[in-house]
Amino acid sequence: RYLSLLAGFPMCQVDEDYHDELERAGAPSVSKQCVKCKEATAAVVIRVGDTFCRGCFKEYFIHKFRAMLGKNRIIFPGEKVLLAVSGGPSSCSMLSQVQEGLSQNAHKKLRFSPGIVFIDEGGAVGQSAEERRRTAAELEAVFKATGFPFHIVPLEKVLDLPSKVLMAAPSPSEQPAGAYKTAVGHFLQSSSSSSSCVTQQEEKESSLPDVQESSTPLLQRLMASVETLTAREDLLSTLRQHLLVHTARSEGYSKLMLGDSCTRLAVKLLSSISLGRGAQLAQDTGFSDSRFGDVTLVRPMRDYSAKEIAFYNRLFSVPSVSIPSLDTKAPEKASIQRLTESFVIKLQADFPSTVSTIYRSVPNLPELNRTFYNPRPCCSVCAYTSFNGVFWVRTCDEQAAVRYRAPETADVRTLLCYSCQLTIKDMVSQSPCTAAGSALLFPKSTQEEKRKHVLVQVCCPLFRELVEK
Amino acid sequence: MPVLCSSCVDKRAVLKRPKTGHSLCKECFFWAFEEEVHQTIVAAELFKRWEKVGIAASGGKDSTVLAHVMKLLNQRYDYGLELMLLSVDEGITGYRDDSLETVKRNQQQYELPLKIVSYEELYGWTMDAIVSQVGLKNNCTFCGVFRRQALDRGAIMLKVDKICTGHNADDVAETVLMNVLRGDIARLRRCTTISTASEGDGVVPRCKPLKYAYEKEIVLYAYFKKLDYFSTECIYSPNAYRGHARTLLKDLESVRPSSIMDVIHSGENLSVRDGVKMPVQGTCGRCGYISSQALCKACVLLEGLNRGLPRLGIGKHHRLHDKILSQQPLSEREERKLKSVDF
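Residues numbered from 1 in each chain as written. Chains lettered and ligands numbered in written order. Predicted model: local features only at pLDDT ≥ 70, side-chain atom pairs only at ≥ 80, totals over all residues. Heavy atoms only, no water.

Q: Whenever I open this one, the overall build of chain B confuses me. Can you help?
A: Each helix and strand in chain B was counted, giving 14 helices and nine strands. By residue count, 53% of the 343 residues in chain B fall in the buried class. In the structure as shown, chain B presents an accessible area of about 15700 Å², 51% of it carried by carbon and sulfur atoms. (Helix = DSSP H or I, 4+ residues; strand = E, 2+ residues; numbered from the N terminus. Buried < 20%, exposed > 50% of the residue type's maximum accessible area, 1.4 Å probe, protein only. Areas by Shrake-Rupley, 256 points an atom, 1.4 Å probe, with all protein chains shown as cover.)

Q: Would you explain the overall build of chain A in this entry?
A: Tallying secondary structure elements over chain A gives 18 helices and eight strands in all. Per-residue burial for chain A yields a buried fraction of 55% across its 469 residues. Partitioning the intrachain contacts of chain A with sequence separation of at least 6 by distance along the chain shows that 73% fall at a separation of at least 24. Counting only carbon and sulfur atoms, one obtains 53% of the accessible surface of chain A, whose full area is about 20700 Å². (Contact = heavy atoms within 4.5 Å.)

Q: How do you make sense of the domain arrangement of chain B when you look at a structure like this?
A: Many descriptions give the size of an interface as the accessible area lost when the pieces come together. Residues and elements named next belong to chain B. Each assigned domain of chain B is listed with its residue range as follows: domain 1 (29-269) and domain 2 (282-339). The distance between the C-alpha centroids of domain 1 and domain 2 comes to 28 Å. Taken together, both faces of the contact between domain 1 and domain 2 bury some 1400 Å²; the carbon and sulfur share is 73%. At the boundary of domain 1 with domain 2, the tally comes to zero salt bridges. (Domains from an automatic or database assignment. Buried area = accessible area lost by both parts, 1.4 Å probe. Salt bridge = Lys/Arg side-chain N within 4 Å of Asp/Glu carboxyl O.)

Q: Hey, could you run me through the pairing of strand 4 (residues 113-120) of chain A in this one?
A: Each regular strand carries side chains that alternate between the two faces of the sheet. All names here are of chain A. Counting buried residues in strand 4 gives eight out of eight residues, a clear majority hidden from the surface. Side chains Ser113, Gly115, Val117 and Ile119 of strand 4 all project onto a buried face; the interleaved residues Pro114, Ile116, Phe118 and Asp120 project onto the opposite face, where all are buried too. Note that strand 3 (residues 80-84) and strand 4 share five bridges and pair parallel. For Leu82, the partnering residue across the bridge sits in strand 4 and is Gly115. Remark: the strand 3/helix 3 (residues 89-102)/strand 4 crossover connection has right-handed handedness. (Pairing = 2+ DSSP bridges. Right-handed = clockwise from strand over helix to strand, strands pointing away.)

Q: Hey, could you run me through the sheet that holds strand 4 (residues 82-89) of chain B in this one?
A: Two orientations exist for strands paired in a sheet by backbone hydrogen bonds: parallel and antiparallel. Residue and element names in this part refer to chain B. What the five strands build is an open sheet, ordered 5-4-3-6-7; its pairing is parallel. Looking at which strands have only one partner, the edges of the open sheet turn out to be strand 5 (114-118) and strand 7 (206-207). Bridge analysis of strand 4 against strand 5 gives five bridges, and the strand direction is parallel. Residue Leu85 lies in a different strand from strand 5, and its bridge partner there is Leu114.

Q: I keep staring at the environment of Tyr359 of chain A and nothing clicks. Help me out?
A: Residue and element names in this part refer to chain A. Take Tyr359: it is sitting in helix 13 (residues 354-360). On the basis of relative accessible area, Tyr359 is assigned to the buried category, the value being 14%. As a C-alpha pair, Tyr359 and Thr285 span 74 residues in sequence and 8.9 Å in three-dimensional space. Sequence-distant contacts of Tyr359, defined by excluding residues within four places in its chain, comprise Cys262, Leu265, Arg302 and Asp303. One polar contact links the side chain of Tyr359 to the main-chain carbonyl oxygen of Arg302, over a distance of 2.9 Å. (Polar contact = N/O pair within 3.5 Å; in protein donor to acceptor, adjacent residues only side chain to side chain.)

Q: When you look at unusual backbone geometry in this model, what are you seeing that I'm missing?
A: One can expect most non-glycine residues to show negative phi and most peptide bonds to be in trans. At Arg73 of chain A, a position not held by glycine, the phi torsion is positive, near 45°. Within the fold, Arg73 of chain A resides in the loop between helix 2 (54-72) and strand 3. What makes Arg73 of chain A partly exposed here is its relative accessible area of 42%. A positive phi is found at Glu111 of chain B, a non-glycine position, where the angle reads about 55°. By relative accessible area, Glu111 of chain B is classed as exposed at 65%.

Q: Honestly, the UniProt feature "binding site: ATP" (unreviewed entry) in chain B in this entry has me stumped. Any pointers?
A: All names here are of chain B. Under the present numbering, the feature "binding site: ATP" (unreviewed entry) in UniProt falls on Ala56, Ala57, Ser58, Asp62, Val88, Gly166 and Asp171. The topology assignment puts Asp62 in helix 2 (residues 61-76). Asp62 sits in the buried class, given a relative accessible area of 15%. For Asp62, the contacting residues outside a window of four places in its chain are Gly166, Asn168, Asp171, Leu210 and Ile218. Topologically, Gly166 is positioned in the loop between strand 6 (162-164) and helix 7 (169-182). Every residue in contact with Gly166, bar those within four places of it in the chain, is listed here: Asp62, Leu66, Asp171 and Leu210. (UniProt positions renumbered as here; feature names shortened; annotations may be inferred.)

Q: Sorry, what's going on with helix 7 of chain B here?
A: It helps to recall that an α-helix has 3.6 residues per turn; residues three or four apart then point in one direction. Residues and elements named next belong to chain B. Here helix 7 spans 20 Å end to end across 14 residues, near enough to the 20 Å set by a 1.5 Å rise per residue. Within helix 7, 13 of the 14 residues are buried, which leaves the element mostly enclosed by the surrounding structure. The opening residue of helix 7, the one whose side-chain oxygen lies 3.1 Å from the backbone nitrogen of Asp170, is Asn168. Gly183 occupies a position one or two residues after helix 7 and carries a positive phi of about 65°. (Expected span 1.5 Å × (residues − 1).)

This is how it looks when you write it as structure tokens:
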């Protein structure tokens, strides 16, 4: 039995011995009966007073996933959905939920066809080729067991992305209100006639990452050119997102499922605010994000706390793979993202409603209307689209420096949102993000052309050199 | 080799600006600081010519710097404003009486008229008396609510058109973070606005000319200008939950100094989806002050104090408002609930 009484208990490393101590210390004060069936003995305490037995916990967990998809009606039957799996507990749990939902004995079967993508960030994090191969092989085993088609993509691929990745592809025509029901109707008809199962798709074998030898050092140089961990993490997440969207697009998926848990989203919300990304909050943390037009990002795990996920994975042996990230083993104040994470987790331990309170403010933030998409200016790095018309804002440094330096008009920074300006500012001075560099980069190009090239050329200054040689 | 000022490239730098990291000499720092406040005032069109402006003065660093800079800019850029100082005496022995002495000295130094309104004359209660009844846990609620109204009443007595307060960038950013932690969308939306619109009769518009000034720079400015200010924490405990937001903000600042401005930028650009229920502004049935409920918070708190039921204003007891308005007695059960002091 796994009984934890502490709300903010670090969940990923559940230690048996430590657990026994906890049980002894606090068990008497907690009812040992399941609150749901009122019969079986409790196995998990999700929140104070919410004790569940094994069976009821499973039912509750599975229902929550279906309810999230059912309520939002955003994934159409038969649609190709790409699951972004990082190897962590949350995204692996999402994978197992999809598997569960598609299995023959599921109560209400899910009706989309899934695929898996894993971005191998080993090159940016500094793993050796051997370590990367081992990680990929471990994940491959997990993916093969699901029977879904999968794609293991090295992050180095982002350097070869066509610049149009930033341009929103035209989104499928606006869906009228009744579209979902019609689609379900069509799907039921077609599947009853052919009686073929959606999951019976040909299994696509993806080979292990075949990274070009030359691109790993290039990626490493790019990451090294960023001076602060804060900016490096920000850049990495931007690059990862572009590669995910690109993979979905090129493989014909129209939805991309991300495994962000509610704990993760609370941390993300607070760090987004601290990074000056307030305006993007709704897109970055909402249930769905349609900024990329033809590929919609969906976050079905956003109602689960990290704790629930950890317990589910543990009780029902959901495999996950532990992979180091940029801030693994970094001290608390190494970056803003790391700082907000430890802040939220510590506060959650003292005030168990912290995560849910922070997260509660998310749905109240507006969502971007798709029809607004194209004519609005869009950040050349993160593809954030402004919807109130205000786009380029001078960062604090420039605002303060009214006196020292007159702002140049042909500045690349006018193509970036506030937060990406901050990230680019933390890159080494020789990167072509300075005004002088920008003139050099884009001598006679139009605003539109500039925008297209900024991702590859500003983010990868060294890449440009290589291409020219 | 001594570091030269990065602005005038002539004198030796005496400080590194916390906001931008530039090394500056004393004169260039003063110039930059004052210029930024001026830019803030001009860009947001905070004042109109010939307006009477009350400066909320507590004697602390922020309001002292505010009074100094406002007086200076009013002359330098000829705003044509009539400035005066406005102080609130909460009646806290060992704290406010000392800081009011500083305000009185400032009045002479800056040659501005001064008006002091006290809780005692407005409400019949000093903070000392309130704390003796309420205890140390929720006293800040009383003080905060009463001060807001006291400033407005003082402003009306002085017949000023606007009040400016010494809120700095750190305060604003901290409030943004705190409202996120509390999930308070309504406040999140308005906490970054630089000035309140004129909301009605009993309310004087307020603005924060130091909204983009870092707390550290305010201290540096006061230090190098040798301004006379009072620096002691209030003797009644500070707000605990705000402390978490404060710690986070200070840590963020140490990781990336621009964080304070970045948080404010985020707060300014958050927009709330239409259809989110926002409180509707009305007026208090007793004193006519703005209120979203039948009775304003100050009247409820005061009623609680006068009836010996301090909990009346702590937490939500909206359904009791009608009873209070019609002066009906409360039931025994209600009284028992609101009486206990050990909360």
